[in-house]
Amino acid sequence: MSSRDELQGPGAAALRVSSFSSTIKKPSQNNIIPSRSCCKVNPVVIHLRSPKTIHVRPEEFMSLVQRLTGKDSTHANTWRP
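Residues numbered from 1 in each chain as written. Predicted model: local features only at pLDDT ≥ 70, side-chain atom pairs only at ≥ 80, totals over all residues. Heavy atoms only, no water.

Q: I'm lost on the overall build of the chain in this one. Help?
A: Counting its secondary structure elements, the chain contains 2 helices and 0 strands. Taking all 81 residues of the chain together, 5% fall into the buried category. Here the chain has roughly 9,100 Å² of accessible surface; of this, 56% comes from carbon and sulfur atoms. (Helix = DSSP H or I, 4+ residues; strand = E, 2+ residues; numbered from the N terminus. Buried < 20%, exposed > 50% of the residue type's maximum accessible area, 1.4 Å probe, protein only. Areas by Shrake-Rupley, 256 points an atom, 1.4 Å probe, with all protein chains shown as cover.)

And the structure:
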């Protein structure tokens with residue numbers, strides 16, 4: 001028995017484009033209305049404390065981040081790329 005024999009009932013109607021349809025095109029760069037992107041304002045950063053610079057070796061970086069953020073750093077010592 002073929003898959004064609006397994007189908008029952010009338011087949012689906014053929015798909016057509018309506019005569020009322022129109023083509024939609026992406027606007028060109030010249031037609032785009034300027035938004036706030038033209039007037040980008042950088043955010044204001046206010047430090048509550050003086051920023052601290054910490055020098056660390058690449059292999060210690062994950063452990064340091066976890067220690068500073070309060071995460072358990074015991075797993076950091078076992079992972080090696």
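From this point on, the discussion continues.
Q: Just to check I follow, could you spell out the pattern of salt bridges for this structure?
A: Pairs can form between side chains of opposite charge once their charged atoms are near each other. Under the defined criterion, the tally for this structure stands at 2 salt bridges. The residue Arg57 makes a salt bridge to Glu59 at a minimum N-O spacing of 2.8 Å. Taking relative accessible area as the criterion, Arg57 reaches 48% and is therefore assigned partly exposed. A relative accessible area of 46% places Glu59 in the partly exposed class. Put simply, Glu60 and Arg57 hold a salt bridge, and the shortest N to O gap is 2.8 Å. Judged by its relative accessible area of 31%, Glu60 falls in the partly exposed class. (Salt bridge = Lys/Arg side-chain N within 4 Å of Asp/Glu carboxyl O.)

Q: Before we go on, may I ask you to explain a nonpolar patch on the surface in this structure?
A: On the surface, a cluster of nonpolar side chains totalling about 420 Å² of accessible area is made up of Ile54, Val56, Phe61, Val65 and Leu68. Here Ile54 is to be found in the loop between helix H1 (3-6) and helix H2 (61-69). (Patch = residues over 30% accessible without salt bridge, like charges linked within 9 Å, V, L, I, M, F, W, Y side chains within 5 Å.)

Q: What is the right way to read the environment of Arg57 from this model?
A: Position of Arg57 among the secondary structure elements: in the loop between H1 and H2. Separated by 2.8 Å, the side chains of Arg57 and Glu59 make a polar contact. In this structure the side chain of Arg57 is engaged in a polar contact, spanning 2.8 Å, whose partner is the side chain of Glu60. (Polar contact = N/O pair within 3.5 Å; in protein donor to acceptor, adjacent residues only side chain to side chain.)

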